[in-house]
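Residue strings, one per chain:
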Amino acid sequence: MTLKVAGRGEIPPFIVMDVMRAAAEREISGADVLHLEVGQPGTGAPSGVIETVKDAVEKHLLGYTLAFGMPELQQRISDHYRDMYNCIVPVDRIAVTTGSSGAFVLSFLAAFDPGDRVALASPGYPAYRNILTAVGVEVVDILTGPDSNFQPTPEILAAQIAASGQLDGLIIASPSNPTGTMITPVKLKALVEYCRNNNIRLVSDEIYHGITFGVQAETVANLCADAIVINSFSKYFAMTGWRVGWMIVPEDLCRAVECLAQNLFISPPALSQIAAIAAFDCFDELDANVDRYAVNRKLLLDELPKAGFDKLASADGAFYIYADVSEMTNDSTEFCRRMLAETGVAATPGTDFDPTRGHGYVRFSFAREYSMISDAAQRLKGWNK
Ligand SMILES: Cc1ncc(COP(=O)(O)O)c(C=O)c1O
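The shown structure was predicted, so the numbers you read here are calculated from the model rather than taken from an experiment. (Residues numbered from 1 in each chain as written. Predicted model: local features only at pLDDT ≥ 70, side-chain atom pairs only at ≥ 80, totals over all residues. Heavy atoms only, no water.)

### A short note on helix H11 (residues 332–343)
Moving on, step 1. When the terminal C-alpha atoms of H11 are compared, their 16 Å separation across 12 residues agrees well with the 16 Å that a helix rising 1.5 Å per residue should span.
Moving on, step 2. Those residues of H11 that sit buried are Ser 332, Phe 335, Cys 336, Met 339, Leu 340 and Thr 343. What you see down the axis of H11 is that its buried residues fit within an arc of 135°, all on one side.
Moving on, step 3. In this fold, the buried residues of H11 make contact with helix H1 (15–28), strand S10 (345–346), strand S11 (348–349), strand S12 (361–365) and helix H12 (370–381).
Moving on, step 4. Of the residues one or two after H11, Gly 344 is the one with positive phi, at around 80°. (Helix = DSSP H or I, 4+ residues; strand = E, 2+ residues; numbered from the N terminus. Expected span 1.5 Å × (residues − 1). Buried < 20%, exposed > 50% of the residue type's maximum accessible area, 1.4 Å probe, protein only. Arc of directions from axis to C-beta. Contact = heavy atoms within 4.5 Å.)

Set out below in structure tokens:
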């Protein structure tokens, strides 16, 4: 019997997961691992969330909610835009989702047809590319480097369109994973303008908002009502496993996203939505996490160059430092494997984020505790690459 298997699932694995497996195997064998590969906070949900959830488990039915989520959570998210960005977002355009990952699926399905062309910065978060590919959308790589702070610009987009044809969409992330770089407000405005003038649907992944060092990120929701704005409780709110995020849906996509959400997910998880409402009362604890990341970041920015990693992206936000290691290796996967075996430091090869040039890059995460980051810096300084 030969049963059909759809080609849709033939997308690359998430390589960081392979790194995490190698690190776990090393730990099982009794050797220690310093986790600079992780893409999640080293702390769990804030204590106010935990208290609220304990109570909710006893008292709440926890049934399905509306497809766009609990009205109280939609309201808290709308209030957040008012307080944080001075931005008015109508409650009925806020869709609560199963993490930003759920929002990517909904927005890509609602906004793009198979064969459409959507651009994204390379290096970038791999799931954008892989989800788009799975739903039949053509991914157009915008190769970015230090000259544009690893971010797309109108000039780069114009050159891309001249070379390969019209684009239907653009995905941006500021701060970005893996580089941590941000788009300045002036450049963001220019990019939004360019997309508007060229009928390009902008998708702004704002998942690392709140984790910035010295500057506050601007939301695209303040600049463009036609853009899709995506965020999550996974990073600043330190709630990765709760699988809850949100998107601001443009008017013309609202009904499509609602129908897709009803059919694909019915609703986001109820308990996580109750937790998310409580998270908006926990800013003190969450800001303390960011203060800790800032100390870790400074340590790595000071120490990595002494270990030979001296070509680093600007790390304005998120909890990553993207290092150009092309003078040390042309195979970052093997480089990371050896680094783990010889020093116990786990990091992520750039190939996850940039299929073309990632073999010359490594991503270090500074989300974990200070002692771990500091030990890693010491070991890397003594490592004979
Ligand atoms: C840039 C970026 N967007 C989205 C996600 C997925 O996050 P979520 O947990 O909200 O699905 C990640 C996870 O690492 C990320 O780095």
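### Examining the side chain of Ser 272
Moving on, step 1. Here Ser 272 lies in helix H9 (residues 270–279).
Moving on, step 2. A distance of 2.7 Å separates a polar side-chain atom of Ser 272 from the backbone oxygen of Trp 242.
Moving on, step 3. Ignoring anything within four residues of it in the chain, the contact list for Ser 272 reads Trp 242 and Val 244. (Polar contact = N/O pair within 3.5 Å; in protein donor to acceptor, adjacent residues only side chain to side chain.)

### Description of the site of the ligand
Moving on, step 1. Not every one of the 14 residues close to the ligand is listed here, only the nearest: Ser 101, Asp 205, Ser 232, Ser 234 and Lys 235.
Moving on, step 2. Interatomic distance of 2.5 Å between a side-chain N/O atom of Ser 101 and an oxygen atom of the ligand.
Moving on, step 3. Here Ser 232 contributes a side-chain N or O atom positioned 2.7 Å from an oxygen atom of the ligand.
Moving on, step 4. Protein chains shield 92% of the accessible area of the ligand, which is 400 Å² for the free molecule.
Moving on, step 5. Here the ligand is seated within the largest pocket.
Moving on, step 6. Element by element, the count of residues in the shell around the ligand is highest for helix H4 (residues 99–111), at four residues.
Moving on, step 7. Per-class residue counts for the shell around the ligand are five nonpolar, six polar and three charged. (Near = heavy atom within 4 Å. Areas by Shrake-Rupley, 256 points an atom, 1.4 Å probe, with all protein chains shown as cover. 1 Å grid on protein atoms, 1.4 Å probe; cavity = no way out; pocket = protein on both sides within 12 Å on 5 of 7 lines; lining within 4 Å. Sits in = over half its atoms within 2 Å of the grid points. Nonpolar A, V, L, I, M, F, W, Y, C, P; charged D, E, K, R; others polar.)

### Looking at the layout of surface pockets
Moving on, step 1. Roughly 500 Å³ of internal volume is contained in the largest pocket.
Moving on, step 2. Phe 14, Gly 39, Tyr 125, Lys 235 and Thr 240 are, among the 25 residues lining the largest pocket, the residues nearest its centre.
Moving on, step 3. Elements with a minimum of two residues in the lining of the largest pocket: H1 and H4.
Moving on, step 4. For the lining of the largest pocket, the per-class residue count stands at 12 nonpolar, eight polar and five charged. (Points joined across faces, edges and corners; volume = space filled by probe spheres on them.)

### Quick word on the side chain of Glu 37
Moving on, step 1. Tracing the backbone through its elements, the reader meets Glu 37 in the loop between strand S1 (34–35) and helix H2 (47–59).
Moving on, step 2. Within the buried set, Glu 37 has no salt-bridge partner at all; the shortest N-O distance to an opposite charge, 6.5 Å, is to Arg 368.
Moving on, step 3. Not counting residues up to four positions away in its chain, the partners in contact with Glu 37 are Val 16, Val 19, Met 20, Ala 23, Ala 346, Ala 347, Thr 348, Arg 363 and Ser 365. (Lys, Arg positive; Asp, Glu negative; His and termini not counted. Salt bridge = Lys/Arg side-chain N within 4 Å of Asp/Glu carboxyl O.)

### Things to note about the packing of aromatic side chains
Moving on, step 1. In this structure the tally under the stated criterion is 27 aromatic pairs.
Moving on, step 2. With centroids separated by 4.8 Å and ring planes inclined at 50°, the aromatic side chains of Phe 233 and Phe 237 adopt a geometry described as tilted.
Moving on, step 3. On the basis of relative accessibility, which here comes to 3%, the residue Phe 237 falls in the buried class.
Moving on, step 4. Judged by centre distance (4.8 Å) and plane angle (5°), the ring pair of Tyr 322 and Tyr 361 falls under stacked. Here the residue Tyr 322 occupies a position in strand S9 (residues 320–324), and Tyr 361 occupies one in strand S12, the gap between them amounting to 39 residues. (Phe/Tyr/Trp six-rings, centres within 6.5 Å; stacked < 30°, edge-to-face > 60°.)

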